[in-house]
Structures are given as C-alpha cells and as structure tokens.
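What the coordinates show
The primary structure of each chain is shown beneath.
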Amino acid sequence: MGALANQLPIGLSIAAVLLLIALGLTFTFGQMGVINMAHGEFIMAGAYTAYLLQGFTSQSFLIALPVAFVVAGLMGLLLEWSLIRRFYGRPLDTLLLTWGVSLVLQQLARDIFGAPNVQVTAPGWLVGGVDLLGVRLPYNRMFIIVLAVLCVVGVWVYLTKLPQGRRMRAVVQNRELAGYSGIATGRVDRFTFLLGSGLAGVAGVALTLVGPVGPSLGTFYIVDAFLVVVAGGLGQLRGAVLAALALGFLNGYLEFWTDASLAKVLVFVAIIAFLQVRPQGMFVLKGRTLV
Amino acid sequence: MTLGRISLVVCIVLLALAPLTLSPFRLGLLAKYLCFAIVAVGIALAWGQGGMLTLGQGVFFGLGGYAMAMYLKLKEAGSAGLPDFMVWSGVEQLPALWKPFGNPVFALAAVVLLPGLVAFLLGLLVFRQRVRGAYFAILSQALAAAFVILLVGQQGLTGGTNGMTNFTQFFGLDLTDPNGQRAVYAVAAVVLGVTFLVAKLLVRSRFGRLLVAVRDGEDRVRFLGYDPAVVKTITFTISAVMAGLAGALFVPIVGIISPALLGIVPSLELLVGVAVGGRFVLAGAIAGAIAVNYAKTLFSEDFAEGWLYLQGGLFVLVLVFAPKGLAGVVESVRYRLSSRKQTPTGSGSGSAPVEVTA
C-alpha cells in the first residue's frame, strides 16, 4: 500500500508534464489541423534555456520559466510563419514537414551543446521531500504538479475570460464563421502557436528537475503527448487534462506493476480499446461537419 | 507509356548486370536498398493510393525480420544448442515462443502472417471506428514506439538493444561467400519485382480504384454502399506484409536485426524515400527509396552529421516545392513538353477539344 501511494506523486508529475506538452498540441491540432512533430524540440529548447541560465543568479531556475516560454514560443511563431502557414489543410504533410524540422533542430542542438546529456542543478529548495501520512512527497515532483496546475488555470482564464482567448475558441469551433465575423484568424493562429510552443518550453524547464537534458529529450515525450491528444479529443482543455491524468497514472502504475517494456504495450492496447468506445476521444466539439 | 516500358526494361537490365560488375560490398548495399524499396512499394500503396500515412512500418519490417532471424539463429545453434545471445544473457532453456521457429515452413509463414495479422487487427479496430488521417498516423507511431521498447526490454527473448547478428547461413546458402551473397541479392531483386507487379495489378484493378476513391472521399464511398474500413484494412495488411518480407530479406543481406532499425525514426525514414520519389507513383517510390538510401550511405561515409541536416532539409524542400515528389516533377515536365508541342498544331487546326484537354 505504501509503495502504491508513493507512486502517486510520480504518476501525477508524469501527467503534469504530459499535460503541459499536450496543451499546445491539442490546440494547434484542433484549431489548425497541424500535427507538429517539432513540438518535442520546443521542450528541448526550454530545457537547454534552463541549462544556459543556471548559475547566473540564485533564482535562475525561476527566471528560466518565463524565458523558456518566450524562447520556445518565438521558435513556434517562426515555424508557423515561415513554413506551416503554407500547409494548412494538409495535416499529414505538416506532420512530415515538422518532422524534417525536428531532425534539423536536434542536430543543431547536438552541434551547439554536444551529443552527451547535460545536467541542470535543481535549486536547493527543491531538493528533498516531505512525508505526509506515510507518503513520500518529493519537492521537485510537487513543484511540477503545482506548475502544471498554474498553467492550466492560466490557459483556462485565457480561454474563457479574455477576448483574445474567446476569439481562439471561436476559430477552433468554426473557422469560417469566425473569419466572417471579423476575427483575424491568421493572427489568432500565430498566437495559438506562440502559446502552445511556450508551454512546451515551460515543460522542458520542468523536466530538468527529474532528468538530464539531451538533444533527443523531446522525442521521449512527443508520442505520449500525442496519445493524450488522441484520447482526450481535439482542441479543448478538459479532455486534455483528463487524458493526461489517465495516461500519466497508467504509465506510472503499469511500469510499477509489470515492467517498463510491457507497460508501453499495455498503454497502447488500452488506448485502442478506449477508441472502440469513443473513437473521437473523451470530448468531442459539437459541430455540423460530417465526421 | 512507352517511356515507362523503356525505363522498366533499363532497370531490369541494370539490376541483372549489378552482380557482375559491383564488388560484393557494394552489391550488399544495393541489396539493402532493394529491401527498403520493397517497403516503399507497400508505403506507396497505403499512403499514396489509400491516404493512410503509416508511421509504423518499422514494426512490420521488424516482425518479419525477427521471425527470419529466429529461424536462422536456431538453425545455426543446431538441434540442442541455444542461440548465442541467450547464452550471454543467462537463458538456460529455449523459450516456448522460440520452439516453432526451428521449422523453416513455420518461420517463412510467420514472416508473412505475423505482420499481416498485427496490421489486420490494428486496421480492423481502428478503421472500423472511423479513426483516420492524423489519428491513424499517431497511433501507428505509438505502435512503433511501444514495439521497440518491448524488444529492448525482453532481453532474453529478443537479444535486447543489440538484437541478433552473425548470420552465416540462409537456406543452404553461405552468406560469407560472394556467391551466396549474389544469390541473396537475386532473391531480393525477384521479391521486389513480384511486389511491384502485385502492387501494380492491385492499383489497376477495380479494388485499386475503390482505394483511391476511399482516399479522396471516404464518406461518399460509404454512401455508395461500400465499406471503406474493409478496403483500408486489406490495403494496410498488404503493405505490412510487404514490409515483413523486406525485413526477412534484410536479415541475411545486412546480417543484423535490432530495435535501432525499427523505431520511430527509422519508420519515418522509410517514408522519406517515398515522399522524395513520389508517393502516387509506385515506380517513383521505388526509385526514391533507392536514391535516398544511396545518398545516406554516401553521406554517412564522409560526414555523418551532415546527413541529418540534409535528410531533414530534403524532406522540408520536397514538401514545400514538390509535394508529389520527383515523379510529380517528371510528370509536369512531360506534360509541359507535350503541350508545347501540341499548342502550335492545336491552334493551327483550331480544334477546341485540344485546348480543353491541354
């Protein structure tokens, strides 16, 4: 029982990271039909930002969070503006295109930072943990969970309270109608990309707390994050949150009960089984298009 | 049409001359490219004709490859012995899963049936629920990820990260001998030819037209009374079987099968050649696969890092400037040449239909 409970913060923090990564994917996928394989490299960019900033000041880890958001966000913006813009309406081509970009970015990281992994030293106040009712709660995992909760609340406020976020939801639900109503859909697209990529950068900083940083960091998470998008349904917050939680726990506990190699296969089988019941994920945006 | 016939004959002659002129090492490389070309035919069927972007062909390639490797390993170990890697990882008894693979007929059947069955099941479950497009692509990629992790994890069964290597015999052929290597090359060339023929016949058949119809308007096909899920599942299964055959040939040709050849990245690399050559044209996909893999060898020999830039860049360039690949470029050039020839005569005779078709 104790071991089972100790797995809880691990499962939750996996879910938190997956969520941060999947948020950007689900909105770019849902809103623009873009499957961004280079999203993983924005995670990597965030992680390397934390690596570069460490040691400047005592609080450089906290500073890295907004800086990584901006760095990864601008990379996303540049990608959208330079390439993806030309590919709207061709989702499968964007997948291959962004994979090409991802290859180039990984090699670039290898040339700049070297192929071996680097380590980001966690700030002192995140080392150690606390015991609560016999459950070990490591500070670094708790920090990741809190960070993800803050980001989700932020995205929720943005989507529901701010005019810019409402415009974004309008474009997700019906692009043409939104356009006819006077929303500059192109600008909304670019901003969505900035936001989603920025969150991936934040996830990258968070990941430095639990592991080393390497050029292929993003590739470890991108597939699971896409599965969150598939299981959660496109383009909305609650599906992504629930699916990330489900996948995080499934991963965390299955690895604990069986072994890591069987866990991935079982997760895959679980998702295929789930799609038999809900082929379009947990939540479906209601529309009049034929699906 | 005649141009296509001529180039086909030229290709067959070139492939037949290769064993006489190339060194055994180069011939082995060419045989390896032919394996990738077999996979490319399957991808062109599923992706080009059927619109199913499969990012998990490495799985089927691997299933065929491992089935073949298991047979070859058992054959080498003899009736009582264990495969070498099992001895190294401390396995004392032959696992039950391995036992039937000692039989050549079973192993050969498994090369075809294993990938076919996995693809059939996945296709049935996914396509019947109308999961399609990008969703299908992501699922097939997740399958590749899970498959590789499974292979690495089951060290005693699969050889783990190292996979299986050191194959000396292939159905009585000595793989260390140049003549044996030539024979294996010939087998690969023949299998590629047969695969191409099967795919060509399929594309030209009624089923092939239905497949294209499903790609371009799945709902309309459903309204006409066909079941798109069946069409897609069959095509996906055929393409998986082709990948499995290629994997089985890859083992004696290259002499290794390991998870590093089958994961997400290798599965995507299989697509690069098809995209560059032209996914809508079978011959283009074959040519693209051979050319891209040749380029990879060329670059890896001199500067390996450059290859990743080039591969990524090539992909981006092709998608931006020539989404139909080189075959598309050839087609449009041919079209322009023929229309230039026709325009003066067409305008001279003043026949309107020529203007319309041109």
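The structure contained in this document is the topic of the report that follows. (Residues numbered from 1 in each chain as written. Chains lettered and ligands numbered in written order. Predicted model: local features only at pLDDT ≥ 70, side-chain atom pairs only at ≥ 80, totals over all residues. Heavy atoms only, no water.)

**Some details on the interface of chain B and chain A**
What counts, and what does not: Throughout, a contact is declared for two residues whenever any of their heavy atoms are within 4.5 Å. By definition, the buried area sums, over both parts, the 1.4 Å-probe accessible area that each loses when the two are put together. For this document, the term salt bridge refers to a Lys or Arg side-chain nitrogen within 4 Å of an Asp or Glu carboxyl oxygen. Any pair of nitrogen or oxygen atoms within 3.5 Å is treated as a polar contact; in protein, a donor-acceptor pairing is required on top of that, and neighbouring residues in sequence qualify only through side-chain atoms on both sides. For helices the rule is a DSSP run of H or I covering at least 4 residues; for strands it is a run of E covering at least 2, with both sets numbered from the N terminus onward. Throughout, the ten residues Ala, Val, Leu, Ile, Met, Phe, Trp, Tyr, Cys and Pro are labelled nonpolar, Asp, Glu, Lys and Arg are labelled charged, and all others, Gly among them, are labelled polar.
Taken together, the contact between chain B and chain A spans 47 residues of the former and 40 residues of the latter. Together chain B and chain A conceal approximately 3,700 Å² of surface at their shared face, both sides included; 78% is due to carbon and sulfur atoms. Contact with chain A buries area across many residues of chain B, yet Tyr 135, Ile 138 and Tyr 309 of chain B alone supply 19% of it, more than any other trio. There are one salt bridge connecting chain B and chain A. For Asp 93 of chain A, the salt bridge goes to Arg 279 of chain B, with nearest N and O atoms at 3.3 Å. Along the contact surface separating chain B from chain A lie five residue pairs in polar contact (both at pLDDT 80 or more). Elements supplying a minimum of two residues to the side of chain B that touches chain A: α5 (104–128), α6 (133–153), α10 (218–223), α12 (264–277) and α14 (304–321) of chain B. When residues of the side of chain B that touches chain A are assigned to their parent elements, the largest contribution, 14 residues, is made by α6 of chain B. Broken down by class, the residue content of the side of chain B that touches chain A amounts to 31 nonpolar, nine polar and seven charged.

**Regarding the side chain of Thr 158 of chain B**
All names here are of chain B. As a reminder, the rule being used: The cut-offs for exposure are 20% and 50% of the maximum accessible area for each residue type, with area from a 1.4 Å probe on protein chains only; residues under the lower value are buried, those over the upper are exposed, and the others partly exposed.
Turning to its location among the elements, Thr 158 is positioned in helix α7 (residues 155–158). When its relative accessible area of 11% is taken as the criterion, Thr 158 is described as buried. For Thr 158, the side chain forms a polar contact with the main-chain oxygen of Gln 154, separated by 2.9 Å. Contacts of Thr 158, omitting those with residues within four sequence positions, involve Tyr 66, Phe 85, Leu 151, Gly 163 and Met 164.

**Some thoughts on a positive patch on the surface**
Residue and element names in this part refer to chain A. Which entries qualify depends on this criterion: Each patch groups residues whose relative accessible area exceeds 30% and which form no salt bridge, using 9 Å between like charges and 5 Å between nonpolar side chains of Val, Leu, Ile, Met, Phe, Trp and Tyr. Under the convention used here, a 1.4 Å probe and the Shrake-Rupley method define accessible areas, while residue burial counts only the protein chains that appear. Here the positive residues are Lys and Arg and the negative ones are Asp and Glu; neither His nor the chain ends is included. Taken as the charge location is NZ of Lys, CZ of Arg, CG of Asp or CD of Glu.
Together, Lys 161, Arg 166, Arg 167, Arg 169 and Arg 187 make up a positively charged patch on the protein surface. Considering each element in turn, the positive patch owes the most residues, three residues, to helix α6 (residues 163–173). Tracing the backbone through its elements, the reader meets Arg 187 in helix α8 (residues 185–207).

**So, the pattern of salt bridges**
Residue and element names in this part refer to chain B. Per the stated rule, a full pass over the model turns up 13 salt bridges over all chains. Here Glu 218 and Arg 222 are joined by a salt bridge, their closest N and O atoms 3.4 Å apart. With Glu 218 and Arg 222 both in helix α10 and four residues apart, this pair spans about one turn of that helix. For the pair shown, Glu 218 and Arg 222 are each scored as buried. Taken together, the shared-partner salt bridges connect Arg 132, Glu 218, Asp 219, Arg 222 and Lys 232 into one network.

**Thoughts on the packing of aromatic side chains**
Test applied: Here a pair means two rings of Phe, Tyr or Trp (six-membered ring of Trp) with centres within 6.5 Å. Their orientation is stacked below 30 degrees between planes, edge-to-face above 60, and tilted elsewhere.
All told, the structure shown has 21 aromatic pairs over all chains when counted by the stated rule. Plain terms: the ring middles of Trp 99 of chain A and Phe 315 of chain B are 5.5 Å apart, the flat faces sit at 85 degrees to each other, and that makes the pair edge-to-face. Taken as a pair, Trp 99 of chain A in helix α4 (residues 91–113) and Phe 315 of chain B in helix α14 lie in two separate chains rather than in one. Residue classification places Phe 315 of chain B among the buried positions, given a relative accessible area of 0%. Centroid distance Phe 170 of chain B to Phe 171 of chain B: 5.0 Å. Interplanar angle 85 degrees. Geometry classified as edge-to-face. Through successive ring pairs, a cluster of aromatic residues spans Phe 60, Phe 127, Phe 136 and Phe 236 of chain B.

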